[in-house]
Amino acid sequence: MALLLSCASAAPLALATVVTLPSGSRQMRAQVGRLHAQAAAALADQVQRVLLDKLDALTLATRSLRLADLDQEARQQALLLIYQQTKGADVVGLFDEKGDPVVTPVRFSQVVPEAQRDHEEIDQEALNAYAAAVPLRETLRSKGLTLGPPYVIPGRGGAPVARLVLALPVQGARGARWVLAVELSLRSLQERFEKLRPTEGSAFLVDAAFRAVIHPDPNVAFSRADLSKHPLLSGIQQEDVLGASADVPVSGWHVVVQENAAAALGPIRRLARHAAFWIGLALAAAAVLAVTTVRSVTKPVERLRAAAAAVAAGALETEVEVRGHDELAQLAQAFNGMVRGLRERVRLEATLAISSTLELKEVLERLLEGLSRLVPYQRAAILMKRGDRYRVAAQRGYPEAEHAGVLEQVLPGGPVERALKAEQPALGWGGAALVVPLVSRAEVVGLVALESNKTGAYDDEKARLAMRFTQPAVIAVENARLFDEVQRLATLDGLTGTHNRRHFMELAQLQFESARRFAQPLTAIMIDVDRFKEVNDTFGHAVGDDVLRTVAERVRRTLRAVDILGRTGGEEFAVLLPGTVRDSASSVLAERIRRAVGDEPVPTPAGPVRVTISLGVASAGPDCSDLAALLRDADSALYDAKESGRNRVAS
C-alpha cells in the first residue's frame, strides 16, 4: 500500500515534470533565440548606421566641389578637405576611367603622423590593397555611390582589420569621368562586435557572398573564409548551435550572433536530471509529499516562463523571486543573474552612447532612449536648471509641448519638490510617476520625470534602477551643458544674440576665402542706428538696450539662413551676403532691412521709440585684396549714407 501510495503521489509529479520541463526547455531555447535575434539586429543596425554615416559624409563633402574646374594643386587640397570631412578615412584618391590616379592619393600617415583609433597606418602593402579594391568599373556603370569588396590586412599589432572602399563618380576635366575612392577602416565596428558578443559565443559579419569580414578567429578573418555553409546562414538547423542572423540592407551583408546550445541550455538540462532524481525519491514518499513536490516544481517553472516572456518583450527590470535552495531556486538565481547582466550591458551601451556627443539635445535624447529600455514609461521629460528655475529641455510622449511644461511648476509636496529637497528619487501619484534628480557636485542640475498610465508602475526598486542608470550619465549631461554654454558665450553677443565681433570676423573670413577661391560674388552691409546717443540720453541705457535688441531681431528676420549678422560695435552691425552682388543687395535687401527697422516704432517700457538706420553696401570686386578692404568699402558707403541725411542706403 505504501508503494502504491508513493507511486500514486509520484505520478502527478512525473507527469508535471515530463510536460513542463520539455516545454520550459523549448521556451528557454526560443527566448535565448529571440535575445540573439535582438543582439544581431542591434549589430546590423550599427553596421547600417556606420555605412550610411560614411556615405552621407562623403556625399556632403563632395557635393560642392568642382574637381574638374580645379588645377592640380587645388585638386590635391580638395582631396585633403574630403579626407578631413570623412572621419575615419585612411586613404582618399581620385582616378580616371583607366584607373590611373589623377592626383596623388591622400593617406592617413601623410596627414596625421600620430596614430588614432579611427585610422590605420598605411604602408605600401596597404596602399596596394586599397588600389586593388577600388570598384572602378562598377562605379562608372552605377553612376552613384558604390561599395567595394571588403578586404582584411594586418592592423596595429598584427591583428586583422577589415577595410572597405567607398567610390563615387565625379565629373572630370574635358568631359571625362573620374572616380573618387575613399578607404575606411572597420576597426570601430570590430570593437563593437567584440563588446556585444555573448559571453559563451561569438558575433561575426559576412559580406553578400558570405565571405568573412569581421570574425573573432584571426585565421578566418585573414583568409576571408567562405561561411555560406554555416547553419545560421544556410538555414540548416543544428541542435548544438543557438543564434540568429540579421541583414544589413544598404550593403547586403549579414550579421551572425551564435552560442553553444549546451552552455545556453545547461541550467534547464541540469534541472531535468535533478527532477528525475526527485521522481525516484518520491516513490518512497507519501501521497501528500508527492502532491506538494508537484506544486513546488510547477509554480517556479511557471514564474520562470512568465519572467522569460517578459524579458523577451523588453521588460529587463523583470526578476524571478527566489524561494529555497533547490535546483529551481538555482535556476531562478541564474536567470536573475542573466537579466542583471543584460541590464548592465544595456546601461553600459547607453552610457557610452550618451558620452559620445557634446550636443546637449542629443545627450538628453539618448538618456531618455536608454532609460526606456530599463524603466518603461509612457511619458518622460528632462528638466535642466536655468538660473533659479528648472525648464523642460527634452520630452517624450506628451501630446503637446506645453503639457510637459506643467512639470516646471513645482507643486508643494509633489514628487518634483521632494526629489529636489532630498536629492533622491521620489514616487508620486500612487506609483504612477517617478522623479529622479541629476546630482552634480552636491547640486541638483536637472530632473528626469517618468510617468506611466498604470498606478503602482514604479516602486523603490525601479527608483534605484533609474538612479543607477542616470547618475553615471550626469557627467555627460554636465559636459554637454557646459559645452553648449561656452559655445554660446564664445560666439554670441550677450545683448542682441547676434554673432559677436570676433566670431563674425572668423565666419566672414571663411566666406571671403571661399568666394575668392570659387569666384563667387560676396557683398557686405554695414548698419548704424541713427542718433542712438540721443535715444540713450533721452530714455536711458535700458531703453537703448531694448532698441538694439529689437533692431537686431528685425534685421535677422529679413536675412537668409546663409547670411551672417554680427554686432561690430555699440550701435553698429555688419552683414555678409554670400552669393549676392552689390546691386541686388543695395536695391532689394538693404532697402528691405531699412524699412523693416524704421517703418514701425520700437515698443519699450518708456513708450514707442521710432528709430531709423543707415546702411552702406560694398561688393568684393577682382581688386579687393582682403576682407578688411571689403568692410572698409562698406563702412565708407555707410559714412556717405549718414552724410546724405541718414535713414538711407549708399553703395
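What comes next is a walk through the structure. (Residues numbered from 1 in each chain as written. Predicted model: local features only at pLDDT ≥ 70, side-chain atom pairs only at ≥ 80, totals over all residues. Heavy atoms only, no water.)

### A few points about the overall build of the protein chain
Regarding its fold elements, the protein chain presents 21 helices and 20 strands. Every one of the 651 residues in the protein chain was classed for burial, and the buried ones make up 47%. Considering only intrachain contacts with a sequence separation of at least 6, the fraction spanning at least 24 residues in the protein chain is 62%. Of the accessible surface of the protein chain, which amounts to about 32,100 Å², a share of 53% is contributed by carbon and sulfur atoms. (Helix = DSSP H or I, 4+ residues; strand = E, 2+ residues; numbered from the N terminus. Buried < 20%, exposed > 50% of the residue type's maximum accessible area, 1.4 Å probe, protein only. Contact = heavy atoms within 4.5 Å. Areas by Shrake-Rupley, 256 points an atom, 1.4 Å probe, with all protein chains shown as cover.)

### Digging into the environment of A262
You can see A262 is positioned in helix α9 (residues 261-264). A relative accessible area of 44% means that A262 is categorised as partly exposed.

### Thoughts on the packing of helix α18 (residues 532-539) against helix α19 (residues 541-558)
Interhelical geometry of α18 versus α19 gives an angle of 140° and a closest axis separation of 7 Å. The pairing of α18 with α19 is recorded here as oblique in orientation. Where α18 approaches α19, its residues F532, V535, N536 and F539 are matched on the opposing element by H541, V543, G544, V547 and L548. The residue makeup of the contact of α18 with α19, split by class, is six nonpolar, three polar and no charged. (Axes fitted to C-alpha atoms, helices over the stretch in contact; angles between N-to-C directions. Parallel < 35°, antiparallel > 145°, perpendicular 65-115°, else oblique. Nonpolar A, V, L, I, M, F, W, Y, C, P; charged D, E, K, R; others polar.)

### Quick word on the nonpolar core
Of all hydrophobic cores here, the largest spans 43 residues; its most connected members are V47, V92, L94, L180, F193, W253 and V255. Per-element tally for this core: the top contributor is helix α1 (residues 2-63), with eight residues. Aside from chain neighbours lying at most four places away, what touches V92 is L79, I82, Y83, P105, V106, Y130, L180, A181 and V182. One finds F532, I593, V597 and I613 within the second-largest nonpolar core, a separate group that totals 27 residues. (Core = buried A, V, L, I, M, F, W, Y, C linked by side-chain atoms within 4.5 Å.)

### Description of the sheet that holds strand β16 (residues 522-529)
Pairing is mixed in the open sheet, where five strands are placed in the order β17-β18-β16-β19-β20. This sheet does not close on itself; its edge strands, each paired only once, are β17 (564-567) and β20 (649-650). Sheet analysis places strand β19 (residues 613-619) next to β20, joined by two bridges and oriented parallel. Residue G616 lies in a different strand from β20, and its bridge partner there is A650. Strands in contact with helix α21 (residues 627-643) are β16, β18 (572-578), β19 and β20; relative to β19, the strand with the most contacts, it is inclined by about 140°. (Pairing = 2+ DSSP bridges.)

### What to know about the pairing of β16
Remember that side chains alternate between the two faces of the sheet whenever the strand is regular. Counting buried residues along β16, eight of its eight residues qualify, which places the element largely inside the surrounding structure. Where burial is concerned, the two faces of β16 agree: the one with L522, A524, M526 and D528 and the one with T523, I525, I527 and V529 are both buried. Two strands pair when backbone bridges link them, and β16 and β18 are joined in this way by seven bridges, in the antiparallel orientation. Following the sheet pairing, L522 is matched in β18 by P578. The pairing of β16 with β19 spans seven bridges and is antiparallel. Note that in β19 the partner of D528 across the bridge is S614.

### A word on the side chain of D493
Within the secondary structure layout, D493 lies in the loop between α16 (460-491) and α17 (501-517). D493 sits in the buried class, given a relative accessible area of 16%. A distance of 3.2 Å separates the side chain of D493 from the side chain of R567, its partner in a polar contact. When sequence neighbours within four positions are dropped, the list of residues in contact with D493 reads T498, H499, N500 and R567. (Polar contact = N/O pair within 3.5 Å; in protein donor to acceptor, adjacent residues only side chain to side chain.)

### Here we look at the environment of N647
Counting through the fold element by element, N647 comes out in the loop between α21 and β20. For the pair formed by N647 and V611, sequence separation is 36 residues and the distance between their alpha carbons is 9.1 Å. A distance of 3.2 Å separates the side chain of N647 from the side chain of R594, its partner in a polar contact.

### Remarks on the pattern of salt bridges
This model, assessed by the stated rule, comprises 19 salt bridges. R557 is the salt-bridge partner of E553, the closest N and O atoms lying 3.9 Å from each other. Here E553 pairs with R557, and both are found in helix α19, just four residues apart, close to one helical turn. One continuous salt-bridge network, built from bridges that share partners, spans D528, D530 and K642. (Salt bridge = Lys/Arg side-chain N within 4 Å of Asp/Glu carboxyl O.)

### Some thoughts on the environment of A244
For A244, the position within the fold is in strand β9 (residues 241-248). For the pair A244 and L233, spaced eleven residues apart in sequence, the C-alpha to C-alpha distance is 8.7 Å. Among residues more than four places away in sequence, those in contact with A244 are G33, H36, A37, A40, L232, V255, V256 and V257.

### Regarding unusual backbone geometry
Backbone geometry places A519, a non-glycine residue, at a positive phi of 55°. Summarising the element assignment, A519 is placed in the loop between α17 and β16. Although it is not a glycine, N647 adopts a positive phi angle of roughly 55°.

### Looking at the packing of α17 against α21
Taken N-terminus to C-terminus, the directions of α17 and α21 make an angle of 105°; their axes are 10 Å apart at the nearest point. Relative to α21, α17 is oriented roughly perpendicular. The segment α17 lies against α21, with M505, A508, Q509 and F512 engaging L627, L630 and L631. Of the residues belonging to the contact of α17 with α21, the class tally is six nonpolar, one polar and no charged.

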